[in-house]
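Observations on the model geometry
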Amino acid sequence: MLFKPSMEGTHILDPDTLSIDKKSSTKIEGCGLGQKALYFNSFFIDRRYYAEWQDIERVWKRVAMSKGGFSGKGIFGSMAYLVVKLRNGKEFQCNFKYEQNVDILLSQIEKSHPEIPTHSLKEEQAKKREELEEKKKYKRDLSKNAQQTVESLRKYEDDLKQKPAIYEHLSAAARQKRTLAGISGTYKILAGVILSLAIVAIIFGVILVVNHHGTAAIYFVIFGIAFIFTIMATGVLPTRKRNNRTAEAEWQAALKDSANYIRHINGFPLPAQYAHPVVLERMIRAIRMGRAETADEALDVVKEDLKKLNNTVQVSQKEYDEVVAVKPMFLVCEYK
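None of these values were measured; they are calculated from a predicted model. (Residues numbered from 1 in each chain as written. Predicted model: local features only at pLDDT ≥ 70, side-chain atom pairs only at ≥ 80, totals over all residues. Heavy atoms only, no water.)

In terms of regular secondary structure, the protein is built from eleven helices and eight strands. The C-alpha extent of the protein, read off along each of the three principal axes, is 85 × 50 × 35 Å. Expressed as a percentage of the 336 residues in the protein, the buried residues total 43%. At a minimum sequence separation of 6, the contacts of the protein that also span at least 24 residues come to 63%. Here the protein contributes 51 positively and 40 negatively charged side chains, and the mean placements of these two sets differ by 4 Å. (Helix = DSSP H or I, 4+ residues; strand = E, 2+ residues; numbered from the N terminus. Buried < 20%, exposed > 50% of the residue type's maximum accessible area, 1.4 Å probe, protein only. Contact = heavy atoms within 4.5 Å. Lys, Arg positive; Asp, Glu negative; His and termini not counted. Charge placed at Lys NZ, Arg CZ, Asp CG, Glu CD.)

Below, the structure is given as structure tokens:
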């Protein structure tokens, strides 16, 4: 191995087992899910550390919001991290470029290692309180029409969950499209200037080193490389695989897959661009709270609620996760 992962925790894998496990691990950005251990990144190096599963106490997502998080404006919509807490008390925060990848990683950990909690202790406690408060808002006696609508929406929700890759792709494509469209041209120009200066600094430093102009010249190279890594990490500048054109193509492909799937679900109440279990779940809650009776009315309530949520509104972690998953789809389609 070029970079042997550093052991964290109390259990050590022998070199051969470590090498095999790391190579066969499922890589999600800078982290890896192996049979024996979880591999997590430092700021610059992927899978820099590892901890055996038995050494992990819990893992969860931490999100840092920047200005314009819900509106899609600003350099970032959000900055997501994976937090790994070990039984020996150590805690690691791993940076991710795309928040949906943290969700995917946590989902896989939840399936393969259900004994490891995938929420922080504070989140678990808050979730229980939220569920109790939410139940208090439900009407005790729903009309027969409302009850039938809830039952049908539950069925459609189960149908969608049979193919999670379809609605996850739809959500991720919408987020990508929205985020790229929201990056200001000023930020792109500024990032381009910094990148150009960093490249010039590296070239200048290399020339000085070659001509023996002192060891201080190496700092031009080091700082130049550091600035390049920093600019690339922000995701502000477009790349061959990440630009407005490829984002639009990805969104159209996701939309087509969604439309093809729901076409075979008789009476499905949502258009393809909103076919996500979270949308159906929010519709069900709207009906149970007495705010709607039919599916069309419930969808209007969902749209109204999402429109009210922006970067000035404080929400719970559950609400945040739901909004991040579905609001970009409504924004991209202008709620039509």
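Together, Glu293, Asp296, Glu297 and Asp300 make up a negatively charged patch on the protein surface. Relative to the elements of secondary structure, Asp296 occurs in helix H10 (residues 295-308). A residue is classified by how much of its surface remains accessible, and Asp296, at 55% relative accessible area, is exposed. (Patch = residues over 30% accessible without salt bridge, like charges linked within 9 Å, V, L, I, M, F, W, Y side chains within 5 Å. Areas by Shrake-Rupley, 256 points an atom, 1.4 Å probe, with all protein chains shown as cover. Salt bridge = Lys/Arg side-chain N within 4 Å of Asp/Glu carboxyl O.)

One pass over the structure, following the stated rule, counts 21 salt bridges. Here Glu322 and Arg285 are joined by a salt bridge, their closest N and O atoms 2.8 Å apart. Taken together, the positions of Glu322 in helix H11 (residues 317-332) and Arg285 in helix H9 (residues 277-288) put the pair 37 residues apart, joining distant regions of the chain. Residue Glu322 shares its accessibility class with Arg285, and that shared class is buried. Between Glu304 and Lys308 there is a salt bridge, with its nearest N and O atoms 3.4 Å apart. With Glu304 and Lys308 both in helix H10, this residue pair falls four residues apart, about one helical turn. Judged by relative accessible area, which is 53%, Lys308 ranks as exposed.

What follows concerns the layout of surface pockets. What the largest pocket holds in volume is close to 1900 Å³. Lining the largest pocket are 50 residues, and of these Lys61, Asp103, His119, Asp321 and Glu322 sit closest to its centre. Counting residues per element, the ones that place at least two in the lining of the largest pocket are strand E6 (56-65), helix H2 (99-112), helix H3 (121-137), helix H4 (144-161), helix H5 (164-182), H9 and H11. Ranked by residue count, the leading element in the lining of the largest pocket is H2, at nine residues. Looking at the lining of the largest pocket, its residues break down into 17 nonpolar, 14 polar and 19 charged. (1 Å grid on protein atoms, 1.4 Å probe; cavity = no way out; pocket = protein on both sides within 12 Å on 5 of 7 lines; lining within 4 Å. Points joined across faces, edges and corners; volume = space filled by probe spheres on them. Nonpolar A, V, L, I, M, F, W, Y, C, P; charged D, E, K, R; others polar.)

What follows concerns the nonpolar core. Among the nonpolar cores identified, the biggest contains 42 residues, and Phe268, Met283 and Phe330 are the most heavily contacted of them. Sorting the residues of this core by element identifies H4, H5, helix H8 (244-262), H9, H10 and H11 as the ones contributing at least two each. With seven residues, H9 is the largest single contributor of residues to this core. Ranked by size, the runner-up nonpolar core spans 21 residues in total, among them Phe40, Ala51, Val59 and Phe96. (Core = buried A, V, L, I, M, F, W, Y, C linked by side-chain atoms within 4.5 Å.)

What follows deals with unusual backbone geometry. Backbone geometry places Glu334, a non-glycine residue, at a positive phi of 55°. Structurally, Glu334 is set in the segment after H11. The class of Glu334 is exposed, set by a relative accessible area of 56%. The backbone of Tyr335 sits at a positive phi, close to 65°, despite the residue not being glycine. Checked against the element boundaries, Tyr335 lands in the segment after H11.

Note that every value here comes from positions in space, so none of it alone points to a role or purpose.
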